[in-house]
Amino acid sequence: MPLSPVLRSQTIYPFVRLGEAARAVEARGIRVLDFGTGDPREPTDPRIRAALVEAVEERLGYPLATGLPELRAAIAQWARRRFDVDLDPDTQIVPTLGSKEAIFSFATVVLDPERGKDTVVVPEPGYPVYERSALFAGARVLTVPLLEENGFLPDLQALGADDWQRTALLWINYPNNPTAALAPHDFYAAAAELAREHDAVLASDEAYSELWFETQPASALELDDLRNVAVFNTLSKRSSMTGYRSGFVAGDPDLVAALKAFRPTVGTAPQEFVQRAAVVAWSDEEHVAAARERYARKRALFLDLFARKGVRVAGAAATMYLWIAVPDGETSEGFGERLLEHGVLVAPGSYLGESGEGYSRLALVPTEAECAQAVTILEDLL
């Protein structure tokens, strides 16, 4: 039977591997506290849930790919409040099924091999979908390492002239998964200018923009010039709505127009009742502030533990993640296996890219009580 050679060549998705490892340990009677996958487990705000239920009509037709005007308006109003920017809800915003599917399909929209634009530049360690989606789209993939000595920012000046000439799409992601690093406004400006200079698209994945502690993250939406820029965001992390699948792409009107032309072929906006719930979510900051406070309390538990145990925290500025250096003499995978044997699941940095070796990622998604239990376990392991 014919199958895509890209599919045949794929290794198991990293977080599927983590889930399989956790289930194998649980089968031996060990309770696993899951800090591996960034899936928030706190309840979704009741006002959001109520809006969804109220919007379930006796019959609902296909949702339009352009999304509800009310949702696009709510996103534009949020961007105004959050970043002091004005987005046209009709020409600069398109709702999506979360951000993952939009990220996956984006390379297909912008690649142009006939013009020599066949390359997608992705950060590593990083979200696996950037690279995998590029491969499925037939792209040449170029990885740029995120190194601690560079503040986990990619050295875009290190790309050669030929690489830039072939680049169609450059992915960046801040606040960063997995390193929890932030990027300054100047970085966005420089990256966007480089992209325009080389006729490439800058895609900024900002899924964690609302999970921060001391410093509010910058956004590519704040750029004075959004030509060749697309920003991806989602309610999954901000509002603990991973199961709802609701996000958006915003930026250059020409890119948004291309997405509007493309998306009816491959999918649509979320169901209308999800969109109605999303209007409530984007319109409220109270539940987001409460989520940040919960993450801050959980973060403090682990920062205190790691300080006492001499574990170096390499990244903790934002997101729901902590990026820690594994103890000397251990690999990231070996360290993860050792912790899992005692019921604490973390993501080995090597699962997220070569430059992730030597680190582990903790997703602070279990409850505060479960985090306290994990700290007790780790007291004897670190």
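Quick note: structure is the one above.
Residues numbered from 1 in each chain as written. Predicted model: local features only at pLDDT ≥ 70, side-chain atom pairs only at ≥ 80, totals over all residues. Heavy atoms only, no water.

(A) Geometry of unusual backbone geometry. At the junction of glutamate 124 and proline 125, the peptide bond is cis and its omega measures out at 0 degrees in the coordinates. Mapped onto the secondary structure, proline 125 falls in the loop between strand E3 (119-124) and helix H6 (128-136). Of the consecutive residues asparagine 177 and proline 178, the connecting peptide bond is found in the cis state with omega at 20 degrees. With respect to the element layout, proline 178 can be found in the loop between strand E5 (167-173) and helix H8 (185-197). You will see that serine 240, though not glycine, has its phi angle at about 55 degrees, which is positive. Looking at where serine 240 falls in the secondary structure, it is placed in the loop between helix H9 (235-238) and strand E8 (247-251). (Helix = DSSP H or I, 4+ residues; strand = E, 2+ residues; numbered from the N terminus.)

(B) Geometry of the sheet that holds E3. Ordered in space as E2-E8-E7-E6-E5-E3-E4, the seven strands form an open sheet in which the pairing is mixed. Only two strands of the sheet have a single neighbouring strand rather than two, namely strand E2 (93-96) and strand E4 (140-145). Ignoring which end each strand starts from, the neighbouring axes of this sheet average 20 degrees apart. Two elements, strand E6 (residues 201-205) and strand E7 (residues 229-234), share four bridges in a ladder whose sense is parallel. Its bridge partner lying in E7, serine 204 is registered against valine 231. With respect to the sheet, helix H4 (residues 69-83) is in contact with E2, E7 and E8, its orientation differing from that of E2 by roughly 110 degrees. Across the sheet, H8 is in contact with E5, E6 and E7; its angle to E6 comes to roughly 150 degrees. (Pairing = 2+ DSSP bridges. Axes fitted to C-alpha atoms, helices over the stretch in contact; angles between N-to-C directions. Contact = heavy atoms within 4.5 Å.)

(C) Structural detail: the packing of aromatic side chains. Taken as a whole, this structure holds 17 aromatic pairs when the rule is applied. Relative to phenylalanine 306, the ring of phenylalanine 302 has its centre 6.0 Å away and its plane inclined at 40 degrees; by these criteria the two rings are tilted. Of this pair, phenylalanine 302 and phenylalanine 306 both sit in helix H12 (residues 286-309), four residues apart, roughly one helical turn. Note on phenylalanine 306: relative accessible area 1%, which makes it buried. (Phe/Tyr/Trp six-rings, centres within 6.5 Å; stacked < 30°, edge-to-face > 60°. Buried < 20%, exposed > 50% of the residue type's maximum accessible area, 1.4 Å probe, protein only.)

(D) The packing of H12 against helix H14 (residues 368-379), seen in detail. Two elements in contact, H12 and H14, have axes whose closest approach is 10 Å; the angle formed by their N-to-C orientations is 5 degrees. Our classification of the angle between H12 and H14 gives roughly parallel. Of H14, the residues touching H12 (which contributes Arg294, Arg297, Lys298, Leu301, Phe302, Leu305, Arg308 and Lys309) are Glu368, Cys371, Ala372, Ala374, Val375, Leu378 and Glu379. Classifying every residue of the contact of H12 with H14 by side-chain character gives eight nonpolar, no polar and seven charged. (Parallel < 35°, antiparallel > 145°, perpendicular 65-115°, else oblique. Nonpolar A, V, L, I, M, F, W, Y, C, P; charged D, E, K, R; others polar.)

(E) Layout of the packing of H4 against helix H11 (residues 272-282). Contact pair H4 / H11: the axes reach a minimum separation of 9 Å and the direction vectors enclose 15 degrees. In terms of orientation, H4 lies roughly parallel with respect to H11. Considering the relative orientation of H4 and H11, their crossing is left-handed. Here H4 contributes Glu70, Leu71, Ala74, Ile75, Trp78 and Arg81 to the contact with H11, which in turn contributes Gln275, Arg276, Ala278, Val279 and Trp282. (Left-handed = near helix turned anticlockwise from the far one by under 90°.)

(F) Structural context of H12. Here H12 spans 35 Å end to end across 24 residues, near enough to the 34 Å set by a 1.5 Å rise per residue. His287, Val288, Ala291, Arg292, Tyr295, Lys298, Arg299, Phe302, Leu305 and Phe306 are the residues of H12 that are buried. Two residues or fewer past H12, glycine 310 is found with a positive phi of approximately 75 degrees. (Expected span 1.5 Å × (residues − 1).)

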